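Inside the fold
Take a look at the letters that make up each chain.
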Protein chains: 2
Amino acid sequence: MQLAQTCEPAYRAPRPAPAPPLHTLETEFPTTPRTPRCSDCSLRALCMPPDLTAQQLAKLDAVICSTRSLKRGDVLYRTGDTFQSIYAVRSGSFKTVLMHRDGREQVTGFQIAGDALGLDGVCAGRQNCDAIALEDSVVCIIPFAQLEAVCREMKPLQQHVHRLMSGEIVRESSQMMLLGTMTAEQRVATFLLNLSTRLKARGFSSAEFNLRMTREEIGCYLGMKLETVSRMFSKFQRENLVNTNGKTIRIVDPDGLAQL
Amino acid sequence: MQLAQTCEPAYRAPRPAPAPPLHTLETEFPTTPRTPRCSDCSLRALCMPPDLTAQQLAKLDAVICSTRSLKRGDVLYRTGDTFQSIYAVRSGSFKTVLMHRDGREQVTGFQIAGDALGLDGVCAGRQNCDAIALEDSVVCIIPFAQLEAVCREMKPLQQHVHRLMSGEIVRESSQMMLLGTMTAEQRVATFLLNLSTRLKARGFSSAEFNLRMTREEIGCYLGMKLETVSRMFSKFQRENLVNTNGKTIRIVDPDGLAQL
DNA sequence: CGATTGATTGATTAGAGTCAAAGCAGGTGG
DNA sequence: CCACCTGCTTTGACTCTAATCAATCAATCG
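Residues numbered from 1 in each chain as written. Chains lettered and ligands numbered in written order. Predicted model: local features only at pLDDT ≥ 70, side-chain atom pairs only at ≥ 80, totals over all residues. Heavy atoms only, no water.

Quick word on the sheet that holds strand β4 (residues 75–77) of chain B
Inclusion rule: At least two bridges found by DSSP between two strands is the condition for calling them paired. Note on conventions: DSSP H or I runs of at least 4 residues are helices, E runs of at least 2 residues are strands, and numbering of each starts at the N terminus. With axes taken as lines fitted to C-alpha atoms, and helix axes fitted only over the stretch in contact, angles between N-to-C directions fall between 0 and 180 degrees. Contacts are assigned to residue pairs that have any heavy atoms within 4.5 Å of one another.
Read from one edge to the other, the open sheet built from four strands follows the order β4-β9-β6-β7 (chain B), with strand pairing classed as antiparallel. Each having just a single partner strand, β4 and β7 (105–112) of chain B make up the two edges of the open sheet. Strand-to-strand twist of the sheet, defined as the mean angle between neighbouring strand axes without regard to direction, takes the value 30°. Those strands touched by helix α4 (residues 155–181) of chain A are β6 (93–99) and β7 of chain B, and its axis lies near 120° from that of β7 of chain B.

What follows is the structure in structure tokens.
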């Protein structure tokens, strides 16, 4: 078993996690115990509060002691699964999908390296959506009960978890605004700029990247049909705002996009 | 100064808070210190974890020691305000509104008795939206730093706060699904059923109630224009699903509404 | 009681959805 | 190594839902 195997660099962490796992415990899923160490993870600035002492980091390392590798299309968790852990994306990317009985689907988010997954499960003790890998990916597994215990004795971590959850609330609010008030054109532009910003924060190019999701998944996230997404991409191409070639995106005129 | 003065009973707590305040401290806003007591609040089951001891409740009473009364249209907090407290609606109701520079507005939620307000401010230390009273209302003020301190020593409260925030994430996800996948007709039906359910959980009739928001505010919440909201109400009236008369709503056929 | 705000309804329009066809890319197996 | 799938994307033609514009009506409030 190996860590992330993606060939395109866009979504991979700048410095990939170093050592291959020493052991593999076969539980329900293949996980690699004792591999990850927050203390020397390149994504720490994204996942963790900035002001932890070495001693506090060690405590965290004791909690976050396993990872899980997924292939493209693999399900990290499914609606209704018992909630036990949250996850941090270490490499790769995911989508979270909410399903209605009648077949309607809504993609509620795309998560890339450094993002958290599973916070919606805290509420009812069961996962509230499906999380699916968009490419071969690795997540850190964070048992939530243990995290809560550490939070009770480590104020900065407690505050960090609160900010994390609040940040998810804020993110979803602005997605509600996108869905409620923007035209198709504005939604697609906002989506591209938002992704660009997040990739930049992770050390990637903000101008050129590869989409890991299909037009259908983008449409499902933005509340429109895949044909409309495609038309908007073509429109941006014509207007020299973006260069699109399949999944390859180059943002030519970010200001122009923002002004739509 | 008196507690909630609304004349229509629909949104008022079944047993209104008993004692008028003894003192009034004039800080920035009129607040009533030492009035509320979680330990004998009729909304406790909604706001608080169910399994607290008397001693634990006393600790809480020490934190949540003031309320604030607002008139219809008053602003509880505004985007950009320094975040210090979250709020629990004691009586009355609110809307939260997200604004875009270009004038677009999205109502992100309606809060009634027992609901929490302000959790989106934790993330950045500033409020992320405006919260405005839809009628004369009273909120409990919960200083967040103190709440965090108590959470560190009281596991059930910690878990409750986590569930509260996660619940907000879940609520917003399903609103994203509503905005992304439903027709205008389905959105309005879902809105009415959802409000009905929440009122029922607070001891009110699920069949008949008064809307405290305008058609425009409803539209702004559901991602449509006020005329469309009005047309859907008229349609439901014709189809004998709902009786509407201005702000008075009677749900005649909840199953019919749910099947749209 | 007039003025203002909110609600309803109608006529028309625009934007996105639907249906359909064709092109492209990547992967598989002969 | 090539041919053929299969799944994804693009584009076009047409349809339909909800937005826009406009007029009227009802309720509320100084």
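Next comes the rest of the account.
As for the UniProt feature "domain: Cyclic nucleotide-binding" (unreviewed entry) in chain A
Spelled out, the test is: UniProt positions are given in the numbering used here, feature names are shortened, and annotations may be inferred rather than shown by experiment.
Per the UniProt record, "domain: Cyclic nucleotide-binding" (unreviewed entry) is annotated on residues 48–118 of chain A. From the first C-alpha to the last, residues 48–118 of chain A spans 16 Å; its make-up is 14% helix and 45% strand.

Here's the deal with helix α2 (residues 54–63) of chain A
Residue and element names in this part refer to chain A. The line we're drawing: Only protein chains enter the accessibility calculation, which uses a 1.4 Å probe. A residue is then buried if its area is under 20% of the maximum for its type, exposed if over 50%, and partly exposed in between. For this quantity, the arc is that covered by the directions from the helix axis to the C-beta atoms.
If you check which residues of α2 are buried, you get Gln-56, Leu-57, Leu-60, Asp-61 and Val-63. Axial view of α2: buried residues confined to an arc of 155°, hence all on one face. Set apart from the buried face of α2 by more than 90 degrees, the exposed residues are Ala-54 and Gln-55. In the core, the buried residues of α2 are packed alongside α1 (44–47), β10 (137–143), α3 (144–153) and α4.

Quick word on the side chain of Ser-85 of chain B
Along the chain, the position of Ser-85 of chain B falls in strand β5 (residues 85–91). When near neighbours in sequence (up to four residues on either side) are disregarded, Ser-85 of chain B contacts Gln-127, Ile-141, Ile-142, Pro-143 and Phe-144 of chain B.

Some points on empty space enclosed by the protein
All names here are of chain B. To be explicit about the condition: Using protein atoms alone on a 1 Å grid, points that fit a 1.4 Å probe yet trap it form a cavity, whereas open point sets bounded by protein on both sides within 12 Å along at least five of seven lines form a pocket; residues with an atom within 4 Å of a point count as lining. Grid points are joined across faces, edges and corners, and a volume is the space filled by probe spheres set on the points. Any residue that is not Ala, Val, Leu, Ile, Met, Phe, Trp, Tyr, Cys, Pro, Asp, Glu, Lys or Arg is counted as polar, Gly included; the first ten are nonpolar and the last four charged.
Counting across every chain of the model gives four cavities of 30 Å³ or more. Of the volumes computed, that of the largest cavity is approximately 290 Å³. Taken together, 27 residues line the largest cavity, and the ones lying closest to its centre are Cys-47, Met-48, Ile-64, Ala-88 and Ile-142. For the lining of the largest cavity, the elements supplying multiple residues, two or more each, are α1 (44–47), β5, β10 (137–143) and α4 (155–181). Of the residues that constitute the lining of the largest cavity, the class distribution is 21 nonpolar, two polar and four charged. When its volume is computed, the second largest cavity comes out at roughly 140 Å³. Residue lining of the second largest cavity: 17 residues in total, with Thr-96, Gln-111, Asp-120, Glu-168 and Glu-172 positioned closest to the centre.

Quick word on the packing of helix α2 (residues 54–63) of chain B against helix α3 (residues 144–153) of chain B
Residues and elements named next belong to chain B. Condition: Angle categories: roughly parallel below 35 degrees, roughly antiparallel above 145, roughly perpendicular from 65 to 115, and oblique for all the rest. Note: crossing handedness is left-handed where the near helix turns anticlockwise from the far helix by less than a right angle, and right-handed where it turns clockwise.
α3 packs onto α2 with a crossing angle of 165° between their chain directions and a minimal axis gap of 10 Å. Overall, the two elements α2 and α3 adopt an arrangement that is roughly antiparallel. Judged by the twist between their axes, the crossing of α2 over α3 is right-handed. When α2 is examined against α3, the residues Lys-59, Ala-62 and Val-63 are found in contact with a partner set consisting of Gln-146, Leu-147, Val-150 and Glu-153. Class assignment for the residues of the contact of α2 with α3 results in four nonpolar, one polar and two charged.

So, the packing of aromatic side chains
Centre distance and the angle of the planes are the two values used to describe a pair of aromatic rings. Residue and element names in this part refer to chain A. Basically, it comes down to this: Pairing of aromatic rings covers Phe, Tyr and the six-membered ring of Trp, with a centre-to-centre limit of 6.5 Å; geometry is then stacked below 30 degrees between planes, edge-to-face above 60, and tilted otherwise.
Scanning all chains against the criterion turns up ten aromatic pairs over all chains. Ring geometry for Phe-191 against Tyr-221: centres 6.1 Å apart, planes inclined by 65°, an arrangement best described as edge-to-face. With Phe-191 in helix α5 (residues 184–201) and Tyr-221 in helix α6 (residues 215–222), the pair connects residues that are 30 residues apart, well separated along the chain. Three or more aromatic residues joined by ring pairs form one cluster here, namely Phe-110, Phe-191 and Tyr-221.

Quick look at the protein's contact with DNA strand D
Here is the rule: Think of it this way: one heavy atom of a residue within 4 Å of a molecule or strand is enough to make that residue near it. Between N or O atoms, a polar contact is any pair within 3.5 Å; within protein, one atom must be a potential hydrogen donor and the other a potential acceptor, and residues adjacent in sequence are included only when both atoms are from side chains.
Around DNA strand D, a shell composed of 16 residues is seen, among which Ser-230 and Ser-234 of chain A together with Ala-184, Thr-228 and Arg-231 of chain B lie nearest. What you see for DNA strand D is that sugar and phosphate hold 59% of its atoms within 4 Å of the protein. Between DNA strand D and Ser-230 of chain A there is a distance of 2.8 Å, counted from a phosphate oxygen to a side-chain nitrogen or oxygen. Arg-231 of chain B places a polar side-chain atom, nitrogen or oxygen, 2.8 Å from a base oxygen of DNA strand D. Elements represented by at least two residues in the surface near DNA strand D include exactly α7 (226–238) of chain A together with α7 (226–238) of chain B. Top contributing element to the surface near DNA strand D by residue count: α7 of chain A, with five residues.

What about the relation of the copies chain B and chain A?
The condition is simple: Residues reaching a pLDDT of at least 70 in both copies supply the C-alpha atoms on which the copies are superposed by least squares.
Turning chain B through 180° and shifting it by 0.0 Å along the axis lays it on chain A, with an RMSD of 0.0 Å. What we have between these two chains is a two-fold relation. Judged by C-alpha distance, Arg-152 of chain B is the residue of chain B that lies nearest the rotation axis, at 2.1 Å.

Focus: the domain arrangement of chain A
All names here are of chain A. Rules: Where each domain begins and ends is defined by an automated method or by a domain database. We define buried area as the total accessible area lost by two parts upon association, computed with a 1.4 Å probe and summed across both. In the sections that follow, a salt bridge refers to a side-chain nitrogen of Lys or Arg positioned within 4 Å of a carboxyl oxygen of Asp or Glu.
By domain assignment, chain A separates into domain 1 (25–181) and domain 2 (184–260). Taking only C-alpha atoms, the centre of domain 1 and the centre of domain 2 are 25 Å apart. A buried area of about 1600 Å², summed over both sides, lies between domain 1 and domain 2, and 58% of it is on carbon and sulfur atoms. Here domain 1 and domain 2 share four salt bridges between them. Asp-115 is paired through a salt bridge with Arg-202; the nearest N and O atoms lie 2.7 Å apart.

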